[in-house]
Each structure stands twice: as C-alpha cells, then as structure tokens.
Amino acid sequence: MSQENVEAFKRGLEAGNRGDVQTLLEELDPEVEWHSALHALLGGEATVFRGHDGVREMLRDLNEAFGEIRIEISEIRDLGDQLVAIGRIRAVGKASGAETETPLALVTEIKNGKTISLRGYLDPAEALEAAGLRE
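Please read these numbers as outputs of a predicted model, since none were measured by experiment.

Asker: Go over the pattern of salt bridges, please, and point to the residues and values.
Answerer: On inspection of all chains with the given rule, the structure shows nine salt bridges. Glu33 is the salt-bridge partner of Arg50, the closest N and O atoms lying 3.3 Å from each other. One end of the pair, Arg50, is in strand β2 (residues 47–50); the other, Glu33, is in strand β1 (residues 28–36), and 17 residues separate them in sequence. The shortest N-O distance in the salt bridge between Glu75 and Arg77 comes to 2.6 Å. Residue Glu75 is classed as partly exposed on the basis of its relative accessible area, which comes to 31%. Given a relative accessible area of 22%, Arg77 falls into the partly exposed group. Beyond isolated ion pairs, a larger network of salt bridges with shared partners links Glu72, Arg88, Arg90 and Glu101.

Quick look at the structure:
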C-alpha cells in the first residue's frame, strides 16, 4: 500500500502544479485538513483549510496572490501511512511579477488511499521532526 500512497501523492502534486483542481481533490479525503505554510509567504500565518471546499478556498487565495506557483519535490520519504516530501516552491507574484523560491516540505497522512492530513513547512528540518525523523 505504501508505494500506492507515493503514487497518489505524486498524482495530486502533478495535478496541483497544472491547476487541475478536480484531479487534486480526487487524491484527498473529503474531510482532509490542509495546513498551508504557503500563506506565510503572503505575510500571514500558516492556516488550516478543511475539506474539499477548504482546499478550493486555499487555492483561490494563492491564485489571487501568485500568477504562477510550482512545487518541485526532490525527495519523498515513505513512512507507510505517512509521507514526507521535501523540495521547494517557486512562485511569481501576480501584481508585482516578483519571483520567489523557498524551501518547502510536506508531511501527509494517508488512510484508505486518500490524504487525510497535509502539513506544509517552510523549513524541511521542522517537517522531518514533525514526522519523528532527524536529519
């Protein structure tokens, strides 16, 4: 089941990067909790979005602020019902055109083939610690 979880995560990531919200939502449990670290890039704090409607709201927020967002994952650690994905996010401000690149790590919990929780971190070391791992 674990490799299936990795593949489901990759499908969701690819869908999100191409703006395919419906396919992204298919990989998420209807009651998913998404703890967005990306909102910290907007000058706010990390925020929790719940359910598919919450994910749609989060994506709308990000699309209002950024003309382009791409998450690039360089490493996935498969922990069974949990994954840690480490990489970076590249974004271009919608109004300013300013480009930004920052580290990003995601810790996901998966149940019955669907992501039930996703937590974003701007510091990969924090994500590893949250997953019970050390560098």
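Asker: Residue-level account of the side chain of Ser117, with values.
Answerer: Among the secondary structure elements, Ser117 is positioned in strand β6 (residues 114–121). Among the residues examined, Ser117 registers a relative accessible area of 11% and is labelled buried. Here Ser117 is in contact with Val32, Glu33, His35, Val107, Thr108 and Glu109, once residues within four sequence places are set aside.

Asker: Describe the nonpolar core, listing the residues and the values that go with them.
Answerer: Formed by 25 residues in total, the largest nonpolar core has its most connected members in Leu24, Leu28, Trp34, Val55 and Met58. Every element with two or more residues in this core is listed here: α1 (2–17), α2 (21–26), β1, α4 (51–65), β3 (66–78), β4 (82–93) and β5 (99–111). Within the second largest apolar cluster, eight residues are counted, among which are Val84, Ala105, Tyr121 and Ala127.

Asker: Break down the layout of surface pockets for me, citing the residues and quoting the values.
Answerer: A volume near 570 Å³ is recorded for the largest pocket. What lines the largest pocket is a set of 31 residues, among which Gly16, Asn17, Leu24, Leu59 and Ile71 lie closest to the centre. Those elements that provide at least two residues to the lining of the largest pocket are α1, α2, β1, α4, β3, β5 and β6. Ranked by residues supplied to the lining of the largest pocket, first place goes to α1 with seven residues.

What counts and how
- Residues numbered from 1 in each chain as written.
- Predicted model: local features only at pLDDT ≥ 70, side-chain atom pairs only at ≥ 80, totals over all residues.
- Heavy atoms only, no water.
- Salt bridge = Lys/Arg side-chain N within 4 Å of Asp/Glu carboxyl O.
- Helix = DSSP H or I, 4+ residues; strand = E, 2+ residues; numbered from the N terminus.
- Buried < 20%, exposed > 50% of the residue type's maximum accessible area, 1.4 Å probe, protein only.
- Contact = heavy atoms within 4.5 Å.
- Core = buried A, V, L, I, M, F, W, Y, C linked by side-chain atoms within 4.5 Å.
- 1 Å grid on protein atoms, 1.4 Å probe; cavity = no way out; pocket = protein on both sides within 12 Å on 5 of 7 lines; lining within 4 Å.
- Points joined across faces, edges and corners; volume = space filled by probe spheres on them.

Nothing here speaks to function; it is geometry throughout.
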